[in-house]
Amino acid sequence: PKAFVGHVGLMYPSDYGYATGGSTSTSRATCLAKEMYNWNSGSYKTDCAGGSWLYNSSTTQWTLSPRSGTSSSVFYVNGSGIVYSNGAIYEVGVRPVVYLKSSVQIVDDDMDGSSGNPYNLSL
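Residues numbered from 1 in each chain as written. Predicted model: local features only at pLDDT ≥ 70, side-chain atom pairs only at ≥ 80, totals over all residues. Heavy atoms only, no water.

Counting its secondary structure elements, the protein chain contains three helices and seven strands. Counting from the amino terminus, helix and strand elements in the protein chain follow one another as β-α-α-α-β-β-β-β-β-β. Each principal axis of the C-alpha atoms in the protein chain carries an extent, and together these give about 45 × 40 × 25 Å. Taken over 123 residues, the protein chain has a buried fraction of 24%. In the protein chain, the proportion of contacts linking residues at least 24 apart, taken out of those at least 6 apart, comes to 45%. Accessible surface computed for the protein chain: about 8200 Å², of which carbon and sulfur atoms make up 53%. Distance from the positive charge centre (7 side chains) to the negative charge centre (8 side chains) of the protein chain: 10 Å. (Helix = DSSP H or I, 4+ residues; strand = E, 2+ residues; numbered from the N terminus. Buried < 20%, exposed > 50% of the residue type's maximum accessible area, 1.4 Å probe, protein only. Contact = heavy atoms within 4.5 Å. Areas by Shrake-Rupley, 256 points an atom, 1.4 Å probe, with all protein chains shown as cover. Lys, Arg positive; Asp, Glu negative; His and termini not counted. Charge placed at Lys NZ, Arg CZ, Asp CG, Glu CD.)

The structure is reproduced here in structure tokens:
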């Protein structure tokens, strides 16, 4: 197998938002219409945040995007699934991501992407 040659970065807040599938009680379209900083109440918390495959309730995660108007504040997704911004001086988790072309496919469905069972990709 060939090694990956490319760039690895952090997710954007929009990646997190677009990753939601919603749920049976709140549609994806409804989630996308709601501000991510308001995904902390009622069904939005469980249906929108919980419906995002990028959501990780066990950690706060930085994103790639700085907050507009200030150079020291960065957006993050907290453990409740809400997007906020804070000073970039705090130690929180990160989620490395890569962006793939639409022509890239997973060759074997038995792979789970872990270090012991990595995805096998092809063009």
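Let's pick the thread back up.
As a further point, take the sheet that holds strand 2 (residues 61–66). Where strands meet in a sheet, backbone hydrogen bonds hold them as pairs that are either parallel or antiparallel. Taking strand neighbours across the sheet as the criterion, the three strands line up as 2-3-4 in an open arrangement whose pairing is antiparallel. Because the sheet does not close on itself, it has two edges, and the strands there are strand 2 and strand 4 (83–87). When the angles between neighbouring strand axes are averaged without regard to direction, this sheet yields 40 degrees. Across three bridges, strand 2 lies against strand 3 (residues 73–77) in antiparallel orientation. Pairing of Gln-61 across the sheet is with Val-77, part of strand 3. (Pairing = 2+ DSSP bridges. Axes fitted to C-alpha atoms, helices over the stretch in contact; angles between N-to-C directions.)

Summed over the entire model, instances satisfying the criterion amount to three aromatic pairs. On the basis of an interplanar angle of 50 degrees and a centroid distance of 5.6 Å, the ring pair of Tyr-16 and Trp-39 is categorised as tilted. Taken together, the residues Tyr-16 in helix 1 (residues 13–18) and Trp-39 in the loop between helix 2 (28–33) and helix 3 (42–49) connect sequence positions 23 residues apart. There is no split in this pair, since Tyr-16 and Trp-39 are both buried. One aromatic cluster is present, built from ring pairs that chain together Trp-62, Tyr-76 and Tyr-84. (Phe/Tyr/Trp six-rings, centres within 6.5 Å; stacked < 30°, edge-to-face > 60°.)

Where strand 3 lies against strand 4, five bridges are found, and the strand directions are antiparallel. Bridge pairing in strand 4 places Val-77 opposite Val-83. Remark: five residues form the turn of the hairpin made by strand 3 and strand 4, two consecutive strands paired antiparallel; Gly-81 in that turn has positive phi of roughly 90 degrees.

Our focus in this paragraph is the nonpolar core. Burial of nonpolar side chains together is a common tendency in soluble globular proteins. The biggest cluster of nonpolar side chains holds 12 residues, and these are Met-11, Tyr-16, Ala-19, Cys-31, Met-36, Trp-39, Cys-48, Ala-49, Leu-54, Val-77, Val-83 and Val-97. Among all residues touching Tyr-16, those that are not within four sequence positions of it are Met-11, Met-36, Trp-39, Ala-49, Ser-52, Leu-54, Tyr-55, Val-77, Gly-81, Ile-82 and Val-83. (Core = buried A, V, L, I, M, F, W, Y, C linked by side-chain atoms within 4.5 Å.)

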